[in-house]
Amino acid sequence: MLFEKTSLVFIEYTDERREHHRMGFLTEHEHGKSKVRLGRTWRDAKENAHYFVEWEVCVRLISPEMEKAYTSGDNGGMTTTDTTRNMCYVVAQRCKERTSMEEYAIRLARTFIETYPLIDGVSVTVDQAPWERAKVRGGVEHSHGFTFSSGIRTCFVNVMRERMDHPTVTSGLKDYRVLKTTQSGYEGYIKDKFTKLGETNERILATAIDCVWTYDLEGGIDTSKRKGWFGNNNSSNNNNIDYDLVYQRVLENIKDQFFGDAQRGVYSPSVQATLYNMGDAIVNNIKEVKDVKFTLPNIHFIPMTPNGGDHKFNDDVYIATSEPHGTIAATVSKRNETAEIRSRL
């Protein structure tokens, strides 16, 4: 029955009137749990070292059968968001050996589908906090100490019941902050009455890199043959991709193209050119990567002359800003899959 409250009077609708009363159609729906934070430690006796990750997990459950929970208030067969949260911790504990966030997300998604028959698909997003092994006393790596650095590693996994063995995986990096104090300029652009920016071949280049990459599953994956990620269940990584190694190689290529040689550096004529060079290096040097999308805010450090004309700017003092900032975005692919390049606002 459906009730409508009018002042202090409740009106009861029959099923026939109920159908006429409802005008909306439920066109899509999902439920799940967001911001599930967990820490996981692995103690490696052979290496006499501990390994630690901190993950923030978001799970979205796709269950067409649960339309009834929205339209008629029937929760029968519902996998609760409380269950969803608890499963995040259960699957983390089942990872008996060191596990990448991508492998964890795949296993988590499959566990929901294997356990609950009314779930047709699961999407899992994982953000990994940038904990790094601490170095002490001249650069010696500490066995169980960690420090917090820059850049959040992230991944998105989608698993459908009819394609359990073919998950889609996207990995990425957010807010990875890089800066160089020279070897950057910007010249040759349109200058009209609305342009105040002066040309320069000497400036600070700074950005907070966001990038995501997809995997080339047709390129022959043979990076890693590791076993036993989940105890007796070894089906999480059918493509044998070493996601941790790919992530480290992406970082290496980003730093190589942004910074260049340790002494000489590498000149950047624009954020656009540096973005392309990073993407080009990644898709050509890492066979597992199909394409990579970058978003680079151009974080400005504006030259400052203290005390008016009493001092001259000598590439030394700047006004540090965070906004407004330029925003540069582009995708670099291993293959040309479009007939033309489209520029999107």
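What comes next concerns the included structure. No experiment lies behind these values; they were computed from the predicted model shown. (Residues numbered from 1 in each chain as written. Predicted model: local features only at pLDDT ≥ 70, side-chain atom pairs only at ≥ 80, totals over all residues. Heavy atoms only, no water.)

## As for the packing of aromatic side chains
Overall, the coordinates contain 11 aromatic pairs when judged by the stated rule. Both rings, one in Phe-52 and one in Phe-146, keep their centres 6.1 Å apart while their planes meet at 50 degrees; by these two values the pair is tilted. Placement of the pair is Phe-52 in strand β4 (residues 49-62) and Phe-146 in strand β7 (residues 140-148), with a sequence separation of 94 residues. Owing to a relative accessible area of 27%, Phe-52 belongs among the partly exposed residues under this scheme. For Phe-146, a relative accessible area of 23% translates into the label partly exposed. Linked through ring pairs, Phe-52, Trp-131, Phe-146 and Phe-148 together constitute an aromatic cluster. Stacked on the ring of Tyr-51, the Lys or Arg Arg-98 has its end atom at 3.8 Å from the ring centre. In this structure, Lys-180 packs its charged tip against the face of Phe-258, placed 5.3 Å from the ring centre. (Phe/Tyr/Trp six-rings, centres within 6.5 Å; stacked < 30°, edge-to-face > 60°. Helix = DSSP H or I, 4+ residues; strand = E, 2+ residues; numbered from the N terminus. Buried < 20%, exposed > 50% of the residue type's maximum accessible area, 1.4 Å probe, protein only. Lys NZ or Arg CZ within 6 Å of the ring centre and 35° of its normal.)

## Observations regarding a nonpolar patch on the surface
Taken together, the side chains of Ile-302, Met-304, Val-317 and Ile-319 make up a nonpolar region of the molecular surface, amounting to roughly 290 Å² of accessible area. Here Val-317 is to be found in the loop between β12 (301-303) and β13 (318-320). Its relative accessible area of 34% is what places Val-317 among the partly exposed residues. (Patch = residues over 30% accessible without salt bridge, like charges linked within 9 Å, V, L, I, M, F, W, Y side chains within 5 Å. Areas by Shrake-Rupley, 256 points an atom, 1.4 Å probe, with all protein chains shown as cover. Salt bridge = Lys/Arg side-chain N within 4 Å of Asp/Glu carboxyl O.)

## With respect to unusual backbone geometry
Geometrically, the link from Glu-323 to Pro-324 is a cis peptide bond, its omega value of -5 degrees lying close to zero. Residue position: Pro-324 is located in the loop between β13 and β14 (326-333). For Arg-137, which is not glycine, the phi torsion reads 45 degrees and is therefore positive. Checked against the element boundaries, Arg-137 lands in the loop between β6 (131-136) and β7.

## Concerning the pairing of strand β9 (residues 168-180)
Alignment of strand β8 (residues 152-160) against β9, held across seven bridges, turns out to be antiparallel. In the strand pairing of β9, Phe-156 is matched with Thr-170. Judged from the nine bridges that link them, β9 and strand β10 (residues 205-215) form a sheet pairing that is antiparallel. Counterpart to Thr-170 in the pairing with β10 is Thr-214. (Pairing = 2+ DSSP bridges.)

## So, helix α3 (residues 81-94)
Along its 14 residues, α3 runs 20 Å from first to last C-alpha, staying within 8% of the 20 Å computed at 1.5 Å per residue. Those residues of α3 not exposed but buried are Thr-84, Met-87, Cys-88, Val-91 and Ala-92. Lining the buried residues of α3 we find β3 (31-44), β4 and α4 (101-115). (Expected span 1.5 Å × (residues − 1). Contact = heavy atoms within 4.5 Å.)

## As for the environment of Thr-125
The topology assignment puts Thr-125 in strand β5 (residues 121-128). Classification of Thr-125 as partly exposed rests on a relative accessible area of 26%. Note: C-alpha distance between Thr-125 and Met-101 (24 residues apart in sequence) is 9.4 Å.

## Quick look at the layout of surface pockets
In this structure, the largest pocket occupies an estimated 1100 Å³ of space. Lining the largest pocket are 34 residues, and of these Gln-128, Trp-131, Glu-132, Arg-133 and Gln-248 sit closest to its centre. Secondary-structure elements contributing two or more residues to the lining of the largest pocket are β4, β6, β7 and α5 (243-259). By residue number, the principal contributor to the lining of the largest pocket is α5, which donates seven residues. Split into classes, the residues belonging to the lining of the largest pocket amount to 15 nonpolar, seven polar and 12 charged. (1 Å grid on protein atoms, 1.4 Å probe; cavity = no way out; pocket = protein on both sides within 12 Å on 5 of 7 lines; lining within 4 Å. Points joined across faces, edges and corners; volume = space filled by probe spheres on them. Nonpolar A, V, L, I, M, F, W, Y, C, P; charged D, E, K, R; others polar.)

That's the geometry; what it means functionally is another story.
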